[in-house]
Structures are given as C-alpha cells and as structure tokens.
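Listed here are the chains, written in short residue letters.
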Amino acid sequence: MRLSKVLLLSILMLSGCAQLENFFEETSNQSSENEIGEEIDQDMTDYPKEPEEEPEKELSEEEVMIQELPTEANVTDWNLILVNPWEALPENYEAEFVEVDNTQQIDARIVDAWNNWRDAALEAGHNLFFASGYRTVERQRNNFNNSVAGYLSEGYSEEESIEKTKEYLTEPGHSEHHTGLALDIVDHEWINAGGRLDPEYDTQESQKWLVETMADYGFILRYPASKEEITGIQYESWHFRYVGVEHAQFMKKYDLVLEEYVDLIKIRDEM
Ligand SMILES: [Zn+2]
C-alpha cells in the first residue's frame with residue numbers, strides 16, 4: 001500500500017496534472033495533502049480525512065514584505081531610530097560623536113561605513129563634500145529662532161514667521177541630524193560651481209552614484225520626492241541616513257522610507 005502511494009505521489013510530483021491530483025484524492029482516503037516529501041514517510045492511515053483545503057490565498061504585498069523582513073529587525077534598534085516632524089529626539093538620547101573629514105561629527109558607530117563609502121566614491125571619481133552631520137538641539141534652536149526673528153523683522157506675524165521658517169527648517173528636537181546618523185552630502189565640484197543643498201544636486205553624477213551604492217554601505221536616501229507626505233519633509237537629494245546594510249537593502253528593494261519600514265516591523269510584532 002505504502003509503495004503504491006509513493007509511486008502515485010512521484011507521478012503527481014512529475015506531472016503536476018490536475019486530473020491526477022483528483023485521482024489521488026479519490027484513491028487515497030487518508031489525506032488531501034498534495035505536498036510531497038515530508039508527507040510520504042508518515043503513516044497517515046490513522047488520520048481522518050482532512051476538510052477540503054481552501055484555495056491558496058495570494059499574499060498581499062504587505063504580507064510578502066512582512067515575511068521577508070529581517071527577523072532581528074526591532075523598532076528599538078539604535079540604527080532605526082525615528083526622528084521626524086512628529087517624533088522628537090528622546091530627551092535621554094545618548095551617543096558618542098566623533099569628528100570626520102576634519103569638519104563634521106557623526107555617531108561613532110557609523111564612522112567606518114562613511115569612510116568606506118566616501119573612499120569608494122573617490123575611487124569612482126567623485127570627490128564628496130560632507131556638508132552637515134551631527135547637529136545639537138541647541139544649535140537647531142538658534143537657527144530656528146534666528147529665522148523666525150528675520151521674518152518678524154520683515155513684518156510677518158509671529159505665526160506666519162514660524163510657518164515660513166518651518167518650510168525649510170525642522171523644529172528643534174525634530175531634526176534627524178540630532179542623531180548623528182544623518183549626513184548631508186554633495187560633491188566638491190558642485191560646491192565650487194556655486195551649488196548648495198538643493199534638489200537639483202540630483203542632476204550630478206555623484207548623486208546618482210550615491211543613490212546606486214548607498215544600500216551597500218547601510219545608507220538610505222531619507223527624503224525621496226515621491227514620499228513627501230509620509231516623511232513630512234520635502235525632497236532632499238543630499239540627505240542620507242544610516243540604518244545598516246540589511247535594513248537599507250530591504251528598504252531599497254521595496255521602495256520604503258524609514259517611517260514605512262518601522263510601521264512594517266510594528267505590524268509584524270502585533271501579529
Ligand atoms: Zn540633512
């Protein structure tokens with residue numbers, strides 16, 4: 001009996017034919033399983049006939065992504081910290097910051113990643129310019145207040161001045177630069193030609209190279225043009241954020257911003 005079942009299953013496996021499948025289900029009274037391999041060694045004679053299987057449901061894109069999420073991804077991971085217009089930097093946030101490129105500070109844990117990325121860029125012919133890294137809340141507050149004061153002196157109301165300032169400056173405590181994991185990057189050529197941190201930097205070869213290679217070094221383009229409503233920040237072709245290679249590759253593959261990625265992890269954890 002068992003041998004004939006194995007034979008039947010082998011035929012089934014080779015053919016994948018629906019008719020044979022029906023034939024098998026009718027002849028074998030024990031199970032409607034048609035997955036082979038693990039099943040054939042089991043003695044299924046004691047099993048009652050299982051109820052009809054429901055047709056396999058196609059997984060939604062979200063379900064597929066959740067299945068493929070790096071298993072150890074955790075919303076409390078240091079490299080997944082979310083600081084945005086709605087989430088302020090935690091008051092007790094602590095990290096070690098070190099100076100790189102003789103100008104900017106970054107989180108000590110990402111120094112190697114940055115050095116490797118910058119060196120690879122140079123090898124590819126792009127002389128990167130690290131425009132801005134770690135920024136204290138205090139400094140952001142000064143920038144913010146100076147900007148508001150400027151608008152006030154131009155005759156805007158206080159409310160208007162704050163609104164206008166917020167168009168291009170994040171509120172103190174809400175800038176990702178407070179984490180030391182965000183880097184504003186352009187290249188020397190762009191700066192020397194009078195370019196600044198503006199979206200048109202994406203016309204440059206170095207920016208394209210950065211986007212192409214970022215995930216390999218653990219970085220993401222934090223504020224893409226297509227996700228302004230989700231990030232709450234206008235497109236910034238120069239602002240990159242370290243999240244780690246595995247997370248970065250996943251986000252790149254599925255075109256996710258950090259807000260979406262963290263949400264996905266939360267959904268998985270609630271399942
Ligand atoms: Zn930035």
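Note that the coordinates shown come from a computational prediction; the quantities given were computed from them, not determined experimentally.

Kindly report on the overall build of the protein chain, identifying the contributing residues and their values.
A tally of regular secondary structure across the protein chain gives eleven helices and six strands. Every one of the 271 residues in the protein chain was classed for burial, and the buried ones make up 25%. When contacts within the protein chain are restricted to residue pairs at least 6 apart in sequence, long-range pairs at least 24 apart make up 65% of them.

Outline the environment of Gln-207, listing residues and values.
Among the secondary structure elements, Gln-207 is positioned in helix H8 (residues 205-213). When the C-alpha atoms of Gln-207 and Ser-237 are compared, they prove to be 7.5 Å apart, with 30 residues separating the residues in sequence. Discounting residues that sit within four places of it in the chain, Gln-207 has contacts with Tyr-201, Asp-202 and Ser-237.

Can you tell me about the environment of Gln-249, naming the residues and giving the values?
Position of Gln-249 among the secondary structure elements: in helix H10 (residues 245-253). Measuring from C-alpha to C-alpha, the distance between Gln-249 and Tyr-217 comes to 9.3 Å, with 32 residues separating the pair along the chain.

Residues and numbers for helix H4 (residues 111-123), please.
Helix length check: H4, at 13 residues, gives a terminal C-alpha distance of 18 Å against a target of 18 Å (1.5 Å per residue), a fit within 8%. Burial in H4 covers these residues: Ala-113, Trp-114, Trp-117 and Arg-118. Down the axis of H4, the sector holding all buried residues measures 125 degrees, keeping them to one side. Opposite the buried face of H4, at more than 90 degrees from it, the exposed residues are Asp-112, Asp-119, Leu-122 and Glu-123. On its buried face, H4 sits against strand E1 (97-100), strand E2 (104-107), strand E3 (128-132), strand E4 (182-187), strand E5 (219-223) and strand E6 (236-242). One or two residues past the end of H4 sits Gly-125, with phi positive at roughly 95 degrees.

A description of the pairing of E1 should follow, citing residues and the corresponding values.
Successive residues of a regular strand alternate their side chains across the two faces of the sheet. Two strands pair when backbone bridges link them, and E1 and E2 are joined in this way by four bridges, in the antiparallel orientation. Bridging across to E2, Val-100 finds its partner in Gln-104. Between E1 and E2, which pair antiparallel and follow one another directly, the connecting turn spans three residues, one of which, Asp-101, has a positive phi of 55 degrees.

Tell me about the packing of helix H5 (residues 137-153) against helix H6 (residues 158-166), and name the residues and values.
Think of two packed helices as two axes; the pair is described by the angle between the axes and how far apart they sit. Taken N-terminus to C-terminus, the directions of H5 and H6 make an angle of 130 degrees; their axes are 8 Å apart at the nearest point. By the angle between their axes, H5 is oblique relative to H6. As for how H5 packs across H6, the hand of that crossing is right-handed. Taken together, the residues of H6 that come into contact with H5 (itself represented by Phe-144, Ser-147, Val-148, Tyr-151 and Leu-152) are Glu-158, Glu-160, Ser-161, Ile-162, Lys-164 and Thr-165.

Which residues make up the sheet that holds E3, and what are the values?
Across the sheet, which stays open at both edges, the four strands sit in the order E3-E4-E6-E5 with antiparallel pairing between neighbours. Only two strands of the sheet have a single neighbouring strand rather than two, namely E3 and E5. Direction aside, neighbouring strands of the sheet carry axes that sit 45 degrees apart on average.

Can you tell me about the nonpolar core, naming the residues and giving the values?
Ranked by size, the top nonpolar core spans 34 residues in total, and within it Ile-185, Met-214, Phe-219, Ile-220, Phe-240 and Ala-248 carry the most contacts. Every element with two or more residues in this core is listed here: H4, E3, E4, E5, E6, H10 and helix H11 (258-270). No other element matches the four residues that E4 contributes to this core. Setting aside chain neighbours within four positions, we find Ala-248 in contact with Met-214, Ala-215, Gly-218, Phe-219, Ile-220 and Val-243.

Please set out the confidence of the model for the protein chain residue by residue, giving values where relevant.
Mean pLDDT for the protein chain: 84, with 80% of residues reaching 70 or above. This model gives residues 1-44 a pLDDT under 50, and the stretch forms 28 contacts once residues within four places in sequence are excluded.

Break down the environment of Val-186 for me, with residues and values.
Structurally, the position occupied by Val-186 is in strand E4. Taking the number of C-beta atoms within 10 Å as the measure of exposure, Val-186 has 22 and is therefore buried. Spatially, the C-alpha atom of Val-186 lies 6.7 Å from that of Phe-130, the residues being 56 residues apart in sequence. The contacts of Val-186, once residues within four sequence positions are left out, are Phe-129, Ala-131, Ile-191, Gly-195, Leu-197, Tyr-201 and Trp-238.

I'd love a proper account of unusual backbone geometry, names of residues and values included.
Despite not being glycine, Asp-101 has its phi angle at roughly 55 degrees, a positive value. Inspection of the secondary structure puts Asp-101 in the loop between E1 and E2. Not every positive phi belongs to a glycine, and Asn-102 is a case in point at roughly 60 degrees. Inspection of the secondary structure puts Asn-102 in the loop between E1 and E2.

Describe H5, listing the residues and the values that go with them.
Compared with an ideal rise of 1.5 Å per residue, which puts 17 residues at 24 Å, H5 spans 24 Å between its outermost C-alpha atoms and is within 8% of the ideal. Looking at H5, one finds that the buried residues are Gln-140, Phe-144 and Val-148. Projection of H5 onto a plane perpendicular to its axis shows the buried side chains occupying an angular sector of 65 degrees, all on one side. Opposite its buried face, H5 presents the exposed residues Glu-138, Asn-142, Asn-145, Asn-146, Ala-149 and Ser-153, each directed more than 90 degrees away. Residues of H5 that are buried make contact with H6. In the segment just after H5, Gly-155 is the residue with positive phi, at about 100 degrees.

Conventions we followed
Residues numbered from 1 in each chain as written. Predicted model: local features only at pLDDT ≥ 70, side-chain atom pairs only at ≥ 80, totals over all residues. Helix = DSSP H or I, 4+ residues; strand = E, 2+ residues; numbered from the N terminus. Buried ≥ 20, exposed ≤ 12 C-beta atoms within 10 Å, placed from the backbone. Contact = placed C-beta atoms within 7 Å. Expected span 1.5 Å × (residues − 1). Arc of directions from axis to C-beta. Pairing = 2+ DSSP bridges. Axes fitted to C-alpha atoms, helices over the stretch in contact; angles between N-to-C directions. Parallel < 35°, antiparallel > 145°, perpendicular 65-115°, else oblique. Left-handed = near helix turned anticlockwise from the far one by under 90°. Core = buried A, V, L, I, M, F, W, Y, C linked by C-beta atoms within 7 Å. pLDDT = per-residue confidence, 0-100.

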